[in-house]
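Secondary and tertiary structure notes
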Amino acid sequence: MGIQNTKYQSMSRKLKSILLFFIYLLAITKAKSVFAIYPVVSRKKMRRFGLLLIGLVFFFGITIASPAYGATEFVSIVDPDNATGTDYTTLSAWEAGVQTDLTAATTLVFSHGGITGAIADTDTVTGATSGATAGVVHATDTQILLETISGTFESGEQIYVTQNVNYVTSSDAGNSAIAVATCRSTGGSFDESLVEIDGWTVSEDNYVKVWTDPDDIYGRHNATFSSRGYVMLSLSGASSYNIAVKENYTIIDGLIIVRISSNWAYGNAINISSTYGDMEGIIIRNNFLIQDSIASTDTSRELLYCHTSDGVDDSDVKIHNNVLISQTADLDYGLYIDLDYTNTEAEQSEVYNNTIYGYFDEAAVYITNDNVSDDTYGVLFFNNYAANIHTTTSKPDYSLNGFYDNTSTIFTNNASDDATAGTSNSNQRILIADADFDDVNGYDMHIGQNSSLKDEGNSALIVSDGDTAGMYYDIDYTARDVLVDIGADEVPVEFVSIICEGTGTGGNCADLDYNTLNAWEDAVEVDLTIGTTRVFSGSISG
């Protein structure tokens, strides 16, 4: 399951029908010629051949004539400032409005060239040519998502609420849908809604994605607290979550979530729990989660909480490239992981390249695998950095429980400010000062070129989450190096060129690359941000 925008376009039904007709004619023609050539005594054999040929025609007819819709992203814009193109002003309104059975053959997304008049959620529409009918889930400026479709809509027909008054003209024959909320804040307003991803029907191909576009300065943060982009801000308290993930196959990508409620009883920034079902295909990545400095006296408070009930054996969860910050000692944990009963590799969850920092009343990270008889397929936890700066020394960076400890082979290449990461499996102690964060007081957890976290991660274990180029990225969507860094941030490698007037000028000018700064700029100018631009070390021959 990936996040790319690939759209698999299906053939039109007319083209399929024409192709099937010619296959049928070819089969009949060949059958007649065969019977004309062979003697009567061989016709029993030829009948078998004819039956086989008819069977093949039937098989390919079913294959060609049946709809073969590829999953297409149905993108809605969530903007609290309601700029042009906005579909919903809160994420909770989007969730309630677009929630549907994404897997049903009667739920399809159609492209169109624009809305004439108005089409509202829950309206009933009709195809002017096909006569097909459906309920409207939502219509954007370029797409319309329909459910409970009866009949077959055609490409190029008017799909209307009121013919020639309120309608769109379809650009295709429809595709199955991926529900995408692209979040942005064009005026800096917060989204103060509390959201439950619940009530959907999803699959590996038809999933839910809540994200901010890395290329949108009004959407994606820059991995700091005083940041640009879309921000979820909690104002209410008890037993509440900014986002509760209650469905499988859900992606939460690139959000800032700020908890400022003074009542945190059983409250989380992101909550994932199998109390509501299995936990398959859930991805939490590139998020910046922070507890603001309002005190709380309640218990069971975590920024990111992930728990399966005893006996639930599906927990394929990926949590990576997140920064979790606590500004006071009122949180119990930053990251709380309790994934039970994972007995196969396919069910194994992975938590990697996260940075957890701040004041925690219990520990920065809590991990347990209570129901696993051994650690073979427990949570694969690697490339993470944790630092609990609580003034009480007994409050650890890592609290490892159940069958889980820092010598487990599934706990590798992690680091901590204290000694709780251990020294097995390339785990190590790295002091906060040696991590070389840009500004710990300002909670800017980018690392510098001299960071001891640099190149200390395990790249062999990282998955690409479906990226078409097989690349993996950090929280800023910067491509990671082959030697990955520990934590959410990846330090780009410096590509150094020497500029001198001539080779005899002195210093290292004997190895000059360019004679002028202008020549260097013209030659080296490139898109440094894309995954296909990389720097390699080595030597030149010739």
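Every chain is numbered on its own, with residues counted from 1 as its sequence reads. Local features in a predicted model are, by the rule used here, given only for residues with pLDDT of at least 70; side-chain atom pairs are given and counted only at 80 or more, and totals for whole chains, interfaces and linings are based on all residues. Computation of side-chain values covers all heavy atoms of the structure but excludes hydrogens and water.

Turning next to the sheet that holds strand β4 (residues 133-139). Each pair of strands is called paired provided DSSP finds at least two bridges between the two strands. Note on conventions: DSSP H or I runs of at least 4 residues are helices, E runs of at least 2 residues are strands, and numbering of each starts at the N terminus. Taken together, six strands build an open sheet; the order of strands is β2-β5-β4-β3-β6-β7 and the sheet is antiparallel. This sheet does not close on itself; its edge strands, each paired only once, are β2 (108-111) and β7 (166-169). Going across the sheet, the axis of each strand differs from the next one's by a mean of 35°, ignoring polarity. Here β4 runs beside strand β5 (residues 143-150); their pairing, made up of five bridges, is antiparallel. What sits directly across from Ala-139, in β5, is Ile-144. Geometry is summarised by axes, namely lines fitted to C-alpha atoms with helices restricted to the contacting stretch, and by angles between N-to-C directions that run from 0 to 180 degrees.

Our focus in this paragraph is the state of the cysteines. The disulfide criterion is simple: two cysteine sulfur atoms within 2.5 Å. As enumerated under the stated definition, the model contains one disulfide in all. There is a disulfide in this structure between Cys-500 and Cys-509, and the S-S distance comes to 1.9 Å. Between Cys-500 and Cys-509, the S-S torsion sits near -70°, and that sign places the bridge as left-handed. When accessible area is computed with a 1.4 Å probe and restricted to protein chains, residues below 20% of their type maximum are described as buried, those above 50% as exposed, and intermediate ones as partly exposed. In this structure Cys-500 comes out as buried when scored by relative accessible area, which is 9%.

All buried positions along helix α3 (residues 91-98) are accounted for by Leu-91, Trp-94, Glu-95 and Val-98. Buried residues of α3, seen end-on, are gathered within an arc of 100° and therefore sit on one face of the element. The arc refers to the directions leading from the helix axis to the C-beta atoms.

The next thing to look at is the side chain of Asp-338. Along the polypeptide, Asp-338 turns up in strand β21 (residues 333-338). Taking the relative accessible area as the measure of exposure, Asp-338 reaches 7% and is therefore buried. Here a polar contact is recorded for every N or O atom pair within 3.5 Å, except that within protein the pair must consist of a potential hydrogen donor and a potential acceptor, and residues adjacent in sequence are included only if both atoms are side-chain atoms. Side-chain polar atoms of Asp-338 contact the side chain of His-307, separated by 3.2 Å.

Taken as a whole, the protein chain shows an average pLDDT of 83; of its residues, 79% reach a score of 70 or greater. Each residue carries a pLDDT score, the predictor's own confidence in it, on a scale running from 0 to 100. It only takes one pair of heavy atoms within 4.5 Å for two residues to be counted as in contact. Here residues 56-68 is modelled with pLDDT under 50, and outside its nearest four sequence neighbours on either side it reaches 15 contacts, counting other chains as well.

Before going further, it helps to spend a moment on the nonpolar core. Formed by 72 residues in total, the largest nonpolar core has its most connected members in Leu-91 and Trp-94. In this structure Trp-94 touches Ser-76, Val-78, Tyr-88, Gln-99, Ala-179, Val-180, Ala-181, Ile-197, Trp-200, Val-208 and Val-210, once residues within four positions along its chain are discounted. Think of a nonpolar core as a cluster: buried Ala, Val, Leu, Ile, Met, Phe, Trp, Tyr and Cys residues, connected wherever their side-chain atoms sit within 4.5 Å. Membership of the second largest hydrophobic core comes to 26 residues, among which are Phe-288, Tyr-357, Ile-486 and Val-491.

Time to look at the packing of aromatic side chains. When two rings of Phe, Tyr or Trp (its six-membered ring) have centres within 6.5 Å they constitute a pair, described as stacked for plane angles under 30 degrees, edge-to-face for angles over 60, and tilted for the intermediate range. For the coordinates displayed, the defined rule picks out 14 aromatic pairs. With 5.0 Å between their ring centres and 15° between their planes, Tyr-305 and Tyr-336 make a pair best called stacked. Placement of the pair is Tyr-305 in strand β18 (residues 302-307) and Tyr-336 in strand β21, with a sequence separation of 31 residues. When sorted by exposure, Tyr-305 lands in the same class as Tyr-336, which is buried. Judged by centre distance (4.4 Å) and plane angle (5°), the rings of Tyr-473 and Tyr-477 are stacked. Judged by its relative accessible area of 17%, Tyr-473 falls in the buried class. Among the aromatic residues, those joined into a ring-pair cluster are Tyr-305, Tyr-333, Tyr-336 and Tyr-366. In this structure, Lys-209 packs its charged tip against the face of Trp-211, placed 4.2 Å from the ring centre. Only Lys NZ and Arg CZ are tested; either one counts as a charge over a ring when it is within 6 Å of the ring centre and within 35 degrees of the ring normal.

An order of β11-β14-β17-β20-β23-β26-β29-β30 is seen for the eight strands of this open sheet, with the pairing classed as parallel. Among the strands making up the open sheet, the edge pair consists of β11 (231-234) and β30 (428-429). When strand β29 (residues 415-416) meets β30, the two strands line up parallel, connected through two bridges. Looking at the pairing, Ala-415 lines up with Gln-428 of β30.

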